[in-house]
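# Structure assessment
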Amino acid sequence: MSRPSHTVHRSSPASRAAAIFGLIVLAILATAPLWAGRADMRLMSELFLYLALASLWNLLAGYAGLVSVGQQAYVGFGGYVLFALTIFLDIHPILAIGLAAILGAAISVPVALLIFRLRGAYFAIGTWVIAEVFRLGFAQVQALGGGSGTSLPVQVVRSIASGRTMREWTTYWMALGLVVAVLAIVYLFLRSRRGLALTAIRDNELAAGSLGIDIWRSQFIVYVVTGALAACTGALIFLQKLRITPDAAFSVNDWTAFVIFIVVIGGIGTIEGPIIGTLIYFALRETLADLGTTYLIILGVVAIIVMLKAPNGLWGLVRARWGVELFPLSYRVAAPKK
Amino acid sequence: MADLMIKALDAHYGDFQALYGIDLSIAAGEVVAIIGSNGAGKSTLMRSLSGLMRNAPEQIVFKGESIGGLRADEVSKRGIALVPEGRQLFPSLSVEENLLIGTQVGREGAWTLARIYELFPILHERRNQASTSLSGGQQQMVAIGRALMSNPDLLLIDELSLGLAPVIIKSIYEALPDIISNGMSAVIVEQDITKALSVSSRFYCLQEGRVSLDGKPGERSREEISRAYFGV
């Protein structure tokens, strides 16, 4: 039986243009120390770290269907690991960031074994409870300042680089490197066979199970990977802040609520969504933060309008209208050339 | 030896008992119909067979292995695939991606994308569309194709014709002999008795969770079957 010879590929002109554009943006960002001021670089680092957290939460909730409101557990854990390793064991801070990822993965295993017994809303609440347990636990550690927290000793800060300028450049590049790594990991994960399985699980758990997909295992892997990377991000966040307290480290607002806002307005279940969402969130924050409480009300209104008018987020709107995909995950068919 | 043996299978939903001591066997290459009215326990039987409902291990034996206690994904790795009631496609995946999910089990065999497209050419045309944009009949083809992609030894089809137009039902039944070939066995759950008996070599009729009649389609009279079916 003969069939017209359609060709199938993932990339499209839009995705190829996006890849080139992305590389140019990356090159410009990498050279930021040459053209950006101190405050701009701080802001951009923060943006990168939020983008990393948003992409991780998107993988967790948008693809694996694990709606967690407790990712601050790993952010705070990573931050505290950085402080503990550098203060008590004299480990170099950059190495400690890497170790934070490994320890984040290690601690996420028993947590997963516990909370994977819960489903849906109970799972969400369970993750929050775990994060509170972490917060209360670290508040008991007197060596790390207990409830009032501690600062990173000067000699630890100096060990990153001797001069202040070089130190700021280093932390900036680490933040940029981390977000690139997170986006790459998320993208490659979703393109793999396991990524397809994840989407199937999110759509219909029963059918996915009866087609041979080990649901528990797939979700477990995502949970551990996102836990590790969130801990790594947390270590970097608190390396920049130079000070840690249990309330700041395990803040549900800072590390989960704003992150969910970013993912929801950008478009959950797409790789592009968190990028758009992070840019919008920072644009709103930088222009409106002086308004105090009004700013939070505006954020809430924006979230409600987007959820009502564009439930798939702003990127969902773009994709539905023009069918573009900058990070090509799905296959597309091109008609045979005549 | 029978490929699949069900021995004294009970099934419960909480306090409610849905199946009472079901005994059933299916030989390799055999097509067996399960008929019965609403609530007779047909779907519960399918849920038990596919691992969506867990039972005592020894109550279901497949190729000599007790599988009654296994999870759905473990059952499917052993070569039992389910075409679930109501199709249950993955709405965010395209037609082709839905079919590819069937390969997650990692069972190699004669069924490939090309062969599925040969069986249902319309799916090749629609391969890049969202599965939700298909008609009910086309969705059923995807659900069947998706199960076949796992190259099962036993195919379970729950409510094959439910909610489909008669012309679609006819074409799917016409495709069945091509689907169930190469020694594959199948269990077809169906409310449409005539259609079910036309493709099967044996049938079991369920009524209120018990086997009320079984045999070969030609051996039993219509009256006998409808008595077993309706319980009057």
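These remarks concern the structure in this document. (Residues numbered from 1 in each chain as written. Chains lettered and ligands numbered in written order. Predicted model: local features only at pLDDT ≥ 70, side-chain atom pairs only at ≥ 80, totals over all residues.)

### Examining the overall build of chain A
For chain A, the helix and strand inventory stands at 16 helices and 4 strands. In terms of overall size, chain A behaves like a compact globule, its C-alpha atoms giving a radius of gyration of 21 Å where 338 residues would be expected to give roughly 20 Å. Principal axes of the C-alpha set define a box for chain A whose edges measure 75 × 50 × 40 Å. Burial status across chain A gives 41% buried among its 338 residues. A separation of at least 24 residues holds for 77% of the contacts in chain A among residues at least 6 apart in sequence. (Helix = DSSP H or I, 4+ residues; strand = E, 2+ residues; numbered from the N terminus. Rg over C-alpha atoms; globule rule 2.2 N^0.38 Å. Buried ≥ 20, exposed ≤ 12 C-beta atoms within 10 Å, placed from the backbone. Contact = placed C-beta atoms within 7 Å.)

### A few points about the overall build of chain B
Scanning chain B from terminus to terminus reveals 9 helices and 10 strands. A compact globule built from 232 residues would reach a C-alpha radius of gyration of about 17 Å, and chain B, at 17 Å, matches this within 12%. With the C-alpha coordinates aligned to their principal axes, the bounding extent of chain B is approximately 50 × 35 × 35 Å. Within chain B, counting contacts between residues at least 6 apart in sequence, those at least 24 apart form 66% of the total.

### Here's the deal with the sheet that holds strand 2 (residues 16-26) of chain B
Two orientations exist for strands paired in a sheet by backbone hydrogen bonds: parallel and antiparallel. All names here are of chain B. With antiparallel pairing, 4 strands are arranged side by side in an open sheet as 2-1-4-5. Of all strands in the sheet, those bounded by a partner on one side alone are strand 2 and strand 5 (65-66). The sheet contact formed by strand 1 (residues 4-13) and strand 4 (residues 60-62) spans 3 bridges and is antiparallel. Each residue of the ladder has a partner; that of methionine 5, found in strand 4, is valine 61. Together, strand 1, strand 2 and strand 4 form the strand contacts of helix 1 (residues 42-50), whose direction differs from that of strand 2 by roughly 65 degrees. (Pairing = 2+ DSSP bridges. Axes fitted to C-alpha atoms, helices over the stretch in contact; angles between N-to-C directions.)

### Comments concerning the nonpolar core
For soluble globular proteins, nonpolar side chains are generally found buried alongside one another. Judged by nonpolar contacts, the single largest core of 154 residues is most densely connected at Val81(A), Ala100(A), Ala231(A), Ala235(A) and Leu156(B). Setting aside residues up to four positions removed in sequence, Ala231(A) forms contacts with Tyr74(A), Phe77(A), Gly78(A), Val81(A), Ala100(A), Ala101(A), Leu103(A) and Gly104(A). (Core = buried A, V, L, I, M, F, W, Y, C linked by C-beta atoms within 7 Å.)

### What about the interface of chain B and chain A?
Listed per partner, the contact involves 28 residues of chain B and 21 residues of chain A. Breaking the side of chain B that touches chain A down by element, the ones donating at least two residues are helix 2 (72-77) and helix 3 (95-101) of chain B. Tallied by class, the residues present in the side of chain B that touches chain A amount to 10 nonpolar, 10 polar and 8 charged. (Nonpolar A, V, L, I, M, F, W, Y, C, P; charged D, E, K, R; others polar.)

### So, the sheet that holds strand 6 (residues 80-83) of chain B
Residue and element names in this part refer to chain B. An order of 6-7-8-3-9-10 is seen for the 6 strands of this open sheet, with the pairing classed as mixed. Taken across any chain shown, the strands that pair with only one partner, and hence form the sheet edges, are strand 6 and strand 10 (210-215). Put simply, the sheet's adjacent strands are angled 20 degrees from each other on average, direction ignored. In this structure, strand 7 (residues 154-157) lies alongside strand 8 (residues 185-190), joined through 4 bridges in parallel fashion. The residue bridging leucine 155 from the neighbouring strand is alanine 186, located in strand 8. In the packing of helix 1 onto the sheet, the strands contacted are strand 3 (31-35), strand 6, strand 7, strand 8 and strand 9 (202-207), and the crossing angle to strand 6 comes to about 145 degrees.

### Side note on the environment of Val222(A)
Residues and elements named next belong to chain A. Here valine 222 shows up in helix 11 (residues 215-241). Classification of valine 222 by C-beta neighbours within 10 Å gives buried; the count is 24. Once you skip the residues sitting within four places of it in the chain, valine 222 turns out to touch Leu59, Leu60, Ala64, Leu66 and Leu198.

### Re the environment of Ile180(B)
Residue and element names in this part refer to chain B. In this structure, isoleucine 180 sits in the loop between helix 7 (166-179) and strand 8. A tally of 20 C-beta atoms within 10 Å means that isoleucine 180 is categorised as buried. Between the alpha carbons of isoleucine 180 and isoleucine 144 there is a distance of 11 Å; along the sequence they are 36 residues apart. Apart from residues lying up to four places away in sequence, isoleucine 180 is in contact with Val31, Leu155 and Ala186.

### Overview of helix 15 (residues 293-309) of chain A
Along an α-helix, residues three or four positions apart point the same way, because every turn accommodates 3.6 residues. Its 17 residues give helix 15 of chain A an end-to-end C-alpha distance of 24 Å, which sits within 8% of 24 Å, the value for a rise of 1.5 Å per residue. Within helix 15 of chain A, only 1 of the 17 residues are buried, which leaves it mostly out in the open. (Expected span 1.5 Å × (residues − 1).)

### Describing the packing of helix 3 (residues 38-63) of chain A against helix 13 (residues 252-266) of chain A
For any two helices packed against each other, the geometry comes down to the angle between their axes and how far apart the axes lie. Residues and elements named next belong to chain A. Between helix 3 and helix 13, the least distance of the axes is 9 Å, while the angle of their chain directions is 75 degrees. Between helix 3 and helix 13, the crossing angle belongs to the class labelled roughly perpendicular. Between helix 3 and helix 13, the residues in contact are Tyr50, Leu53, Ala54, Trp57, Asn58 and Gly62 and Trp255, Val259, Ile260, Ile262 and Val263, respectively. (Parallel < 35°, antiparallel > 145°, perpendicular 65-115°, else oblique.)

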